[in-house]
Amino acid sequence: MAWALKLPLTDEVIESGLVQDFDASLSGIGQELGAGAYSMSDVLALPIFKQEESNLPPDSDNKILPFQYVLCAPTSPAVKLHDETLTYLNQGQSYEIRMLDNRKIGELPEITGKMVKSIIRVVFHDRRLQYTEHQQLEGWRWNRPGDRILDLDIPMSVGIIDPRANPTQLNTVEFLWDPSKRTSVFIQVHCISTEFTMRKHGGEKGVPFRIQIDTFKENENGEYTEHLHSASCQVKVFKPKGADRKQKTDREKMEKRAPQEKEKYQPSYETTILTECSPWPEVTYVNNSPSPGFNSTHNSFPVAEGYNLLPTATPQDAQQWLHRNRFSPFCRLFTNFSGVDLLKLTREDVIQICGPADGIRLFNALKGRVVRPRLTIYVCQESQQAREQHPKHENGDAAAIYHAIYLEELTVTELTEKIAHLFSISPRQINQIFKQGPTGIHVLVSDEVRQSPSYDLTVS
């Protein structure tokens, strides 16, 4: 029998064995976590760290904004994950925007119980069109006289006060609202995206717009000029029903994509949340200069000398002139026309807009031409003494001076007032008006009889 002698192990051998065993125990971790097992980002992504991360205080990028505006229209599903949302709208359709108060308790106490002013505008998304916005809007105004780019649907809106639309700003509306109360404003966009494309050959893509809301609070002078919050979203406007078809087409295209491709796109949401942005830079939009309300009335008419429209007339004054000259049916058509705009119209322009009959009448009125009255009556004032002193003409009538009265409304009231004005008496002093018939009889003048163009009048 052979005996083997085991010598005691040295410290170096023992240490080497322990290292090999420890490395072997770590090999499993590397297999589970993969090649990037030891990177800090992967380690922090483990579930055990997520709960601790959620308890960290939010940074400035995730701050809660004082207001939130929600457009009640779905977003497109054909937008990539990191791109801005895109919403399709139908031309002229009313869309709700919910005005929400997100303030924390004690935040912005100076507006508690007070009104704030919000200005909604439709602007261009492309920077190239933003530089030429004024020219673009003027061209649209010329092609669509009397129309606005943006309107408020006041009967549908809730909680808005003093809604206003400046006639010189077709793409802007404004109103007051109380953040502590439910507020929803309904807007209508009347322009379509393809109206501002460079080439119109059919099938072209329309330009995107932005719907932006700027909110202000009162300053010490009671003017709404102190900026509180601004937010906007990207939209495209189609002809009626076009937005629904576009949304359906995008949805069907996404359904046909592979699952890996779908992950690159954001889902379609039922509503569109406006994201925070910088306030609109043009101070002319946010000034506190008076702008006409939707139901405003005016008591003065300082734009005409007699019945002639002056070139200095504002759009509001031009509206009053149209009313006074019996052109009320065309007031909406010429909503944004000033005096100089109307006076620049040619005869052909006016006839094309208003039709032959009313177009000629409006053109004559604009050029200061006298419109022929509906009825002309000649009256004179003579006393019994005048009858005895003045000799008779061959036809037997006493010589007298007659005055012409021009009637437009053909009513007894109009006739009475004009006779009283002619002879500088009060209309109450005229009890009855008669006209003399062929056989010398006196017929009481009424609204039915006053249209007869002949015979003498007798006033008592």
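Residues numbered from 1 in each chain as written. Predicted model: local features only at pLDDT ≥ 70, side-chain atom pairs only at ≥ 80, totals over all residues. Heavy atoms only, no water.

Undergrad: Looking at this structure, how should I read the overall build of the protein chain?
TA: Within the protein chain, the secondary structure is distributed over 14 helices and 19 strands. Relative to all contacts within the protein chain whose residues are 6 or more apart in sequence, the contacts with residues 24 or more apart total 67%. Carbon and sulfur atoms provide 53% of the accessible area of the protein chain, an area that totals close to 29,300 Å². (Helix = DSSP H or I, 4+ residues; strand = E, 2+ residues; numbered from the N terminus. Contact = heavy atoms within 4.5 Å. Areas by Shrake-Rupley, 256 points an atom, 1.4 Å probe, with all protein chains shown as cover.)

Undergrad: Just to check I follow, could you spell out the nonpolar core for this structure?
TA: Counting 41 residues, the largest nonpolar core has Leu71, Leu89, Ile97, Ile120, Val185, Phe209 and Ile211 as the members making the most contacts within it. Per-element accounting of this core gives the leading share, five residues, to strand β10 (residues 224-238). If we skip the residues at most four places from it in the chain, Ile97 touches Tyr69, Val70, Leu71, Ile120, Thr183, Ser184, Val185, Ile187, Ile211 and Ile213. (Core = buried A, V, L, I, M, F, W, Y, C linked by side-chain atoms within 4.5 Å. Buried < 20%, exposed > 50% of the residue type's maximum accessible area, 1.4 Å probe, protein only.)

Undergrad: How should I be thinking about the sheet that holds strand β5 (residues 150-152) in this particular structure?
TA: One key point about sheets: their strands pair by backbone hydrogen bonds, in either a parallel or an antiparallel sense. Strands sit in the order β5-β8-β3-β1-β11 across an open sheet of five strands; the sheet is antiparallel. Strands at the two margins of the open sheet, each flanked by one partner only, are β5 and β11 (272-273). Bridge count for strand β1 (residues 67-71) against strand β3 (residues 95-101) is five bridges, and the pairing is antiparallel. What sits directly across from Leu71, in β3, is Ile97. (Pairing = 2+ DSSP bridges.)

Undergrad: Before we go on, may I ask you to explain the pairing of strand β4 (residues 116-124) in this structure?
TA: Taken across its nine residues, β4 has nine buried, putting it largely inside the fold. Of the two faces of β4, both are covered, the one formed by Val116, Ser118, Ile120, Val122 and Phe124 as well as the one formed by Lys117, Ile119, Arg121 and Val123. Relative to strand β7 (residues 172-177), β4 runs antiparallel, the two sharing six bridges. Bridge pairing in β7 places Val116 opposite Trp177.

Undergrad: Even after reading the chapter, I still don't get empty space enclosed by the protein, so can you show me in this structure?
TA: Take a probe with the size of a water molecule and roll it over the atoms, and the empty space left behind shows itself. This model, assessed by the stated rule, comprises two cavities of 30 Å³ or more. In this structure, the second largest cavity occupies an estimated 50 Å³ of space. Counting residues per element, the lining of the second largest cavity draws most heavily on β4, which supplies three residues. Residue classes in the lining of the second largest cavity are distributed as eight nonpolar, one polar and no charged. (1 Å grid on protein atoms, 1.4 Å probe; cavity = no way out; pocket = protein on both sides within 12 Å on 5 of 7 lines; lining within 4 Å. Points joined across faces, edges and corners; volume = space filled by probe spheres on them. Nonpolar A, V, L, I, M, F, W, Y, C, P; charged D, E, K, R; others polar.)

Undergrad: Sorry, what's going on with the pattern of salt bridges here?
TA: Pairing is possible between side chains that carry opposite charge, provided their charged atoms lie close to one another. This model, assessed by the stated rule, comprises 16 salt bridges. The salt bridge involving Asp214 is made with Arg121; its shortest N-O contact spans 2.4 Å. Separated by 93 residues along the polypeptide, Asp214 in strand β9 (residues 209-218) and Arg121 in strand β4 bring together distant segments of the chain. Each of the two residues, Asp214 as well as Arg121, counts as buried. With a closest N to O distance of 3.1 Å, Asp147 and Arg144 form a salt bridge. According to the relative accessible area criterion, Asp147 is partly exposed, its value standing at 27%. Ionic contacts of the salt-bridge type, sharing partners, join the residues Glu110, Lys217 and Glu226 into one network. (Salt bridge = Lys/Arg side-chain N within 4 Å of Asp/Glu carboxyl O.)

Undergrad: Whenever I open this one, the side chain of Arg210 confuses me. Can you help?
TA: In this structure, Arg210 sits in strand β9. There is a polar contact of 2.9 Å between the side chain of Arg210 and the side chain of Ser232. If sequence neighbours within four positions are ignored, Arg210 has contacts with Glu84, Arg121, Val122, Val123, Phe124, His125, Ser232, Cys233 and Gln234. (Polar contact = N/O pair within 3.5 Å; in protein donor to acceptor, adjacent residues only side chain to side chain.)

Undergrad: Just to check I follow, could you spell out unusual backbone geometry for this structure?
TA: Excluding glycine, most residues fall at negative phi; most peptide bonds, likewise, are trans. With a phi angle near 55°, Asp162 is a residue other than glycine that sits in the positive phi range. The residue Asp162 is located in strand β6 (residues 160-164) in this model. Although it is not a glycine, Lys241 adopts a positive phi angle of roughly 75°. One can find Lys241 in the loop between β10 and α6 (242-256).

Undergrad: In this structure, what is going on with the environment of Gln247? I would like to understand it.
TA: Tracing the sequence through the fold places Gln247 in helix α6. Counting along the chain gives 170 residues from Gln247 to Pro77, while the straight-line C-alpha distance between them is 7.9 Å. Ignoring anything within four residues of it in the chain, the contact list for Gln247 reads Pro74, Thr75, Ser76, Pro77, Tyr88 and Ser268.

Undergrad: What should I look at first to understand the side chain of Ser157 in this one?
TA: Looking at where Ser157 falls in the secondary structure, it is placed in the loop between β5 and β6. Here Asp153 takes part through its backbone oxygen, which lies 2.9 Å from a polar atom of the side chain of Ser157. For Ser157, the side chain forms a polar contact with the main-chain nitrogen of Phe186, separated by 3.1 Å. For Ser157, the residues in contact, after removing those within four places along its chain, are Ser184, Val185 and Phe186.

Undergrad: Looking at this structure, how should I read the pairing of strand β2 (residues 86-90)?
TA: The side chains of a regular strand alternate between both faces of the sheet. Counting buried positions along β2 gives five out of five residues, so the element sits mostly inside the fold. Of the two faces of β2, the one carrying Leu86, Tyr88 and Asn90 and the one carrying Thr87 and Leu89 are both buried. As paired elements, β2 and β10 share five bridges and run parallel to each other. Looking across to β10, one finds that Thr87 is bridged to Val235.

Undergrad: Would you explain the state of the cysteines in this entry?
TA: In a disulfide, the sulfur atoms of two cysteines are held together by a covalent bond. Tallied over the entire structure, the rule returns zero disulfides. The thiol of Cys277 is unpaired, and the distance to the nearest cysteine sulfur, on Cys233, comes to 9.8 Å. Look at Cys277 and you get partly exposed, because its relative accessible area is 23%. (Disulfide = S-S within 2.5 Å.)

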